[in-house]
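Remarks on the overall topology
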Amino acid sequence: MHCPHSMQTTLGLSPLRKSPNIDFTPLPPSSQPYRDVLFVNARAPSAHLFEAANQRMTALADLLRILESGSGGALAQETARLASALGLLLADAQALHEAAYLRSCEEERTASCQRAPDAISPSEAPA
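The structure reproduced in this document is the subject of the present report. (Residues numbered from 1 in each chain as written. Predicted model: local features only at pLDDT ≥ 70, side-chain atom pairs only at ≥ 80, totals over all residues. Heavy atoms only, no water.)

A closer look at helix α4 (residues 79-115)
Put simply, the test is: The numbering of helices and of strands both runs from the N terminus, where a helix is a DSSP run of H or I of at least 4 residues and a strand a run of E of at least 2. Multiply 1.5 Å by the residue count of a helix minus one, and that product is the helix's expected span. Think of it in three bands: with a 1.4 Å probe and only protein chains considered, a residue is buried below 20% of the maximum accessible area for its type, exposed above 50%, and partly exposed in between.
Spanning 37 residues, α4 covers 53 Å between terminal C-alpha atoms, matching the ideal 54 Å at 1.5 Å per step. Along α4, the residues classified as buried are Leu82, Leu86, Leu89, Ala91, Asp92, Ala93, Ala95, Leu96, Ala99, Ala100, Arg103 and Ser104.

Focus on the pattern of salt bridges
Selection criterion: Any carboxyl oxygen of Asp or Glu within 4 Å of a side-chain nitrogen of Lys or Arg constitutes a salt bridge here.
Taken as a whole and assessed by the stated rule, the structure comprises five salt bridges. Two residues, Glu106 and Arg43, come together in a salt bridge whose shortest N-O distance is 2.1 Å. Here Arg43 lies in the loop between β2 (39-41) and α2 (46-69) and Glu106 lies in helix α4, a separation of 63 residues in the sequence. According to the relative accessible area criterion, Glu106 is partly exposed, its value standing at 24%. Of the charged contacts, one joins Arg65 and Asp62 as a salt bridge, the two residues approaching to 3.3 Å between their closest N and O atoms. Taken as a pair, Arg65 and Asp62 lie in helix α2 at a separation of three residues, close to a single helical turn. With relative accessibility at 47%, the residue Arg65 sits in the partly exposed group. The structure contains a network of salt bridges with shared partners spanning Arg43, Arg103, Glu106 and Glu107.

Structure below.
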């Protein structure tokens, strides 16, 4: 089935462009049933990755507060569905947080390499 460009625009999707700043890695199996659907750009700035992780952790905390303050009733019947949603949010947050940490380490290495003084050439070395 062919998906027209207008469908991509309607869904908020844009065609993937190759770039040295893109390294899509699949989210873990706990986030999705297949490894070819949801991805994280491991080359995104660490601040962006941390923010996405924080959004999911905030949503997770909000859902947990709802469970804590629930009066029972219909909420008790939906516990399995809530647990599934909580698990997905947690898995996403963990994957994003790990990607942010790794990216932050990479950014620090790159910054320290750029600050390092140039190597002394053999002609400048003391005799």
